[in-house]
Amino acid sequence: AEDEVTLFERDMKEFWIQFKISYGTEQNNQTSALRDLCKETLEALTEKWSKKLKEEDVMIDKIHEYNNEILQQSKYIAEKEEQLTEIKSKLNQEQEQQKNLTDSIQELKQELMKKREIKSSKNKAAKEKLEQVSKIKTLFQEHLALEMRRIPDEQLQFIFRHIDHKDPDKPYVCTLSINEQGDYEVNSCTPPLDCIAELQLKLRETNNFSAFVANIRKAFTALSYK
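Looking at an unreviewed UniProt entry, the chain carries the name Kinetochore protein SPC25, with the source organism given as Agelaius phoeniceus. The heading Subunit (unreviewed entry) in the UniProt record of the chain holds the text "Component of the NDC80 complex, which is composed of ndc80, cdca1, spbc24 and spbc25. The NDC80 complex interacts with mis12 and zwint." UniProt annotates the chain under Sequence similarities (unreviewed entry) with the comment "Belongs to the SPC25 family."

Encoded structure:
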């Protein structure tokens, strides 16, 4: 009986040994197959992701190129905008200068028109005064022994005679003109009269030329008795 038990135990040990060997071999085969499958899967994934990474690198390079192009375009646009701003500024300056020039020309035209009007008015006044002098010329010559002459520089010369009772032909001379302001102005008086400034002022105030000539004659007459 002990031999049979011993034999059974031995057989069982051998069975387990063989089972373990058989199971371990099968496990090893399965593990090797699984390892090979994992390796192939990893290689496939590696190749796939490596390709994707290369594509992404290409895409990133293109993005960089696009960004550089956009940057260059932005710089170009900024330069053109700056040039456009300068052109607009120059154009505005030229328009302002043109406006100022136009205003200046208009002001000069208006000033010239005013000067012409003033000159025309002065000429008219001078003409009227000369006409007034001419009208009374004959009267003075006939009644006051007065001779009037037009001399250079638009001057009138009055020559009085029959002043000095000792020498009736002795001339007493007063020279008169019209200044830039359109007023009468005594340029010379021979012999000199102390009251000539007063008589000139009165003539300007009253514009009474006949009275002025009569007063000049009276002054010369009074002087002849001194």
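K.L.:
Hey, could you go over helix α2 (residues 196-206) for me, with residue numbers and the actual values?
P.N.:
Buried residues of α2: Ile196, Leu199, Gln200 and Leu203, and no others. Along α2, the residues classed as buried sweep out an arc of 100 degrees about the axis, all on the same side. In α2, those exposed residues whose orientation departs by more than 90 degrees from the buried face are Ala197, Glu198 and Glu205. Packing partners of the buried residues in α2 comprise β4 (184-190) and α3 (209-224).

K.L.:
Any chance you could break down the packing of α2 against α3 for me, citing the residues and the numbers?
P.N.:
Contact geometry for α2 and α3: axes closest at 9 Å, N-to-C directions at 165 degrees. With respect to each other, α2 and α3 are oriented roughly antiparallel. In this structure, α2 crosses over α3, and the sense of that crossing is right-handed. Note on element contacts: α3 touches α2 through Phe209, Phe212, Asn215 and Ile216, opposite Ile196, Leu199, Gln200 and Leu203. Looking at the contact of α2 with α3 residue by residue, the classes come out as six nonpolar, two polar and no charged.

K.L.:
Lay out α3 in plain terms, naming residues and giving numbers.
P.N.:
Between the first and last C-alpha of α3 there are 23 Å, a value that for 16 residues agrees with the 22 Å anticipated at 1.5 Å per step. Backbone nitrogen of serine 210 and a side-chain oxygen of the N-cap are separated by 3.4 Å at the start of α3; the cap is asparagine 208.

K.L.:
Explain the packing of aromatic side chains residue by residue, including any values.
P.N.:
Enumeration according to the criterion identifies five aromatic pairs in this entry. Plain terms: the ring middles of tyrosine 172 and phenylalanine 220 are 5.2 Å apart, the flat faces sit at 55 degrees to each other, and that makes the pair tilted. Separated by 48 residues along the polypeptide, tyrosine 172 in strand β3 (residues 172-178) and phenylalanine 220 in helix α3 bring together distant segments of the chain. Taken individually, tyrosine 172 and phenylalanine 220 each receive the classification buried, so the pair is uniform in this respect. Judged by centre distance (5.5 Å) and plane angle (35 degrees), the ring pair of tyrosine 184 and phenylalanine 209 falls under tilted. Here tyrosine 184, found in strand β4, pairs with phenylalanine 209, found in helix α3; they are 25 residues apart in sequence, far enough to count as distant.

K.L.:
Any chance you could break down the sheet that holds strand β2 (residues 155-160) for me, citing the residues and the numbers?
P.N.:
In spatial order, the strands read β1-β2-β3-β4; together these four strands make up an open sheet with antiparallel pairing. Both edges of this open sheet fall to β1 (146-151) and β4, since each of them pairs with a single strand only. Across this sheet, the average inter-strand angle for adjacent strands is 20 degrees, counted without regard to direction. By the bridge criterion, six bridges tie β1 to β2 in an arrangement that is antiparallel. Residue pairing for β2: methionine 148 is matched across the bridge by phenylalanine 158.

The rules behind these values
- Residues numbered from 1 in each chain as written.
- Predicted model: local features only at pLDDT ≥ 70, side-chain atom pairs only at ≥ 80, totals over all residues.
- Heavy atoms only, no water.
- UniProt positions renumbered as here; feature names shortened; annotations may be inferred.
- Buried < 20%, exposed > 50% of the residue type's maximum accessible area, 1.4 Å probe, protein only.
- Helix = DSSP H or I, 4+ residues; strand = E, 2+ residues; numbered from the N terminus.
- Arc of directions from axis to C-beta.
- Contact = heavy atoms within 4.5 Å.
- Axes fitted to C-alpha atoms, helices over the stretch in contact; angles between N-to-C directions.
- Parallel < 35°, antiparallel > 145°, perpendicular 65-115°, else oblique.
- Left-handed = near helix turned anticlockwise from the far one by under 90°.
- Nonpolar A, V, L, I, M, F, W, Y, C, P; charged D, E, K, R; others polar.
- Expected span 1.5 Å × (residues − 1).
- Polar contact = N/O pair within 3.5 Å; in protein donor to acceptor, adjacent residues only side chain to side chain.
- Phe/Tyr/Trp six-rings, centres within 6.5 Å; stacked < 30°, edge-to-face > 60°.
- Pairing = 2+ DSSP bridges.

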